[in-house]
Amino acid sequence: METIVFLGIQGSGKGTQALLLSQKIHYQHINIGDLLRAQIAAQSDIGKRVKSVIDAGNLVQDDLIFELISSSIDPACPGIIFDGFPRTKVQAEHLLEHFRVKTVILLELTEKIAQIRMGARLNCPNCKATYNKLSKAPKIDMICDECGSNLVQRDDDSPEAIQKRFEEFRLQTFPLIELFEERHLLKRVPANGSIEDIFAEVCRKLDLK
Ligand SMILES: [Zn+2]
């Protein structure tokens with residue numbers, strides 16, 4: 001099955017771009033984080049295994065990820081857009097072996113811009129509504145529009161946490177970037193513009209009108 005892959009650090013907007021693309025070309029959007037959370041919430045067999053791994057502070061093993069993906073594929077869809085997969089070289093090799101990879105889009109964001117973006121994110125601890133000081137500010141500063149609770153910043157959006165994520169991203173993703181580049185599959189898209197501009201560039205790279 002034909003697949004398109006989005007790579008990019010958290011905050012690069014890859015989830016948003018993957019979703020927009022799936023709406024445009026009707027490919028199935030597979031976000032691994034969402035899949036894992038859904039399985040845990042459903043307390044499925046896989047979900048229970050995933051939860052015990054995460055609870056122990058470990059990364060979910062590749063085999064479990066592959067099982068999760070193959071059980072989630074909708075055969076009626078003409079293709080798949082992966083978001084959050086592959087993360088490791090083993091996963092990337094599995095992908096190349098089992099799927100026809102059309103393009104890998106790397107959304108490139110500088111650390112500085114990521115910090116500004118993620119530092120602007122706000123959450124409601126009560127109703128879970130999300131805001132962004134830059135793009136979706138609450139009507140009253142730091143107060144949830146929906147339920148009136150005080151908004152908070154997520155711990156993992158602190159500058160230290162963001163820097164750590166960049167280090168992990170470099171460590172994990174550089175080998176994948178090299179691999180996809182060798183196969184002439186990688187296309188780089190700067191991710192510091194507006195959602196619309198980035199999406200237009202993504203479509204251009206994929207030769208879509
Ligand atoms: Zn709220």
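Draft legend 1. Summary view of the overall build of the protein. The helix and strand tally for the protein stands at eight helices and seven strands. Here the C-alpha radius of gyration of the protein, 18 Å, is about what a compact globule of 209 residues would show, namely 17 Å. Considering only C-alpha atoms, the protein reaches an extent of 50 × 40 × 35 Å along its principal axes. Counting all 209 residues of the protein, 27% fall into the buried class. Relative to all contacts within the protein whose residues are 6 or more apart in sequence, the contacts with residues 24 or more apart total 67%.

Draft legend 2. Quick look at the packing of helix 1 (residues 14-25) against helix 8 (residues 195-205). As a packed pair, helix 1 and helix 8 sit with axes 10 Å apart at the nearest point and diverge in direction by 60 degrees. For the element pair helix 1 / helix 8, the angle class is oblique. Judged by the sense of rotation from one axis to the other, the crossing of helix 1 with helix 8 is right-handed. Judged by residue contacts, Thr16, Gln17, Leu20 and Leu21 of helix 1 engage Ile195, Ile198, Phe199 and Val202 from helix 8.

Draft legend 3. Unusual backbone geometry, seen in detail. Omega for the bond connecting phenylalanine 85 with proline 86 falls within 30 degrees of zero, at 0 degrees, which places this linkage in the cis form. Locating proline 86 in the fold gives a position in the loop between strand 3 (79-83) and helix 5 (89-98).

Draft legend 4. Layout of the nonpolar core. Core analysis: the largest hydrophobic core is formed by 35 residues, its most contacted members being Phe6, Ile30, Ile81, Phe82, Ile105, Leu107 and Val189. Valine 189 has contacts with Ile105, Leu106, Leu107, Glu108, Ile198, Glu201, Val202 and Lys205, leaving out every residue within four places of it along the chain. Membership of the second largest hydrophobic core comes to five residues, among which are Leu122, Cys124, Tyr131 and Cys144.

Draft legend 5. Looking closely at the packing of helix 3 (residues 45-55) against helix 4 (residues 62-72). Where helix 3 contacts helix 4, the two axes come as close as 11 Å, and the packing angle between them is 150 degrees. Taken together, the axes of helix 3 and helix 4 lie roughly antiparallel to each other. Relative to helix 4, helix 3 is oriented so that their crossing is left-handed. Residues Ile46, Arg49 and Val50 of helix 3 lie in contact with helix 4, whose contacting residues are Leu64, Glu67 and Leu68. Of the residues that constitute the contact of helix 3 with helix 4, the class distribution is four nonpolar, no polar and two charged.

Draft legend 6. Main features of the environment of isoleucine 195. Examined against the element boundaries, isoleucine 195 turns out to sit in helix 8. Discounting residues that sit within four places of it in the chain, isoleucine 195 has contacts with Gly13 and Thr16.

Draft legend 7. Region of interest: the environment of leucine 7. Tracing the chain through its elements places leucine 7 in strand 1 (residues 2-7). Considered as a pair, leucine 7 and lysine 133 are 126 residues apart in the sequence and their alpha carbons are 25 Å apart. Discounting chain neighbours no more than four positions away, the residues touching leucine 7 are Val104, Leu106, Thr173 and Leu176.

Draft legend 8. Here's a closer look at the pairing of strand 3. Most of strand 3 sits inside the fold, with four of its five residues counted as buried. In terms of strand pairing, strand 2 (residues 28-31) meets strand 3 through four bridges, oriented parallel. Within strand 3, the position partnered with isoleucine 30 by the bridge is phenylalanine 82.

Draft legend 9. Quick look at helix 1. Helix length check: helix 1, at twelve residues, gives a terminal C-alpha distance of 16 Å against a target of 16 Å (1.5 Å per residue), a fit within 8%. When helix 1 is considered as a whole, its buried residues turn out to be Lys14, Gln17, Ala18, Leu21 and Ser22. End-on, the buried residues of helix 1 take up no more than an arc of 135 degrees, which puts them together on one face. Here the buried face of helix 1 lies against strand 1, strand 2, strand 3, strand 4 (100-108) and helix 8.

Conventions used here
Residues numbered from 1 in each chain as written. Predicted model: local features only at pLDDT ≥ 70, side-chain atom pairs only at ≥ 80, totals over all residues. Helix = DSSP H or I, 4+ residues; strand = E, 2+ residues; numbered from the N terminus. Rg over C-alpha atoms; globule rule 2.2 N^0.38 Å. Buried ≥ 20, exposed ≤ 12 C-beta atoms within 10 Å, placed from the backbone. Contact = placed C-beta atoms within 7 Å. Axes fitted to C-alpha atoms, helices over the stretch in contact; angles between N-to-C directions. Parallel < 35°, antiparallel > 145°, perpendicular 65-115°, else oblique. Left-handed = near helix turned anticlockwise from the far one by under 90°. Core = buried A, V, L, I, M, F, W, Y, C linked by C-beta atoms within 7 Å. Nonpolar A, V, L, I, M, F, W, Y, C, P; charged D, E, K, R; others polar. Pairing = 2+ DSSP bridges. Expected span 1.5 Å × (residues − 1). Arc of directions from axis to C-beta.

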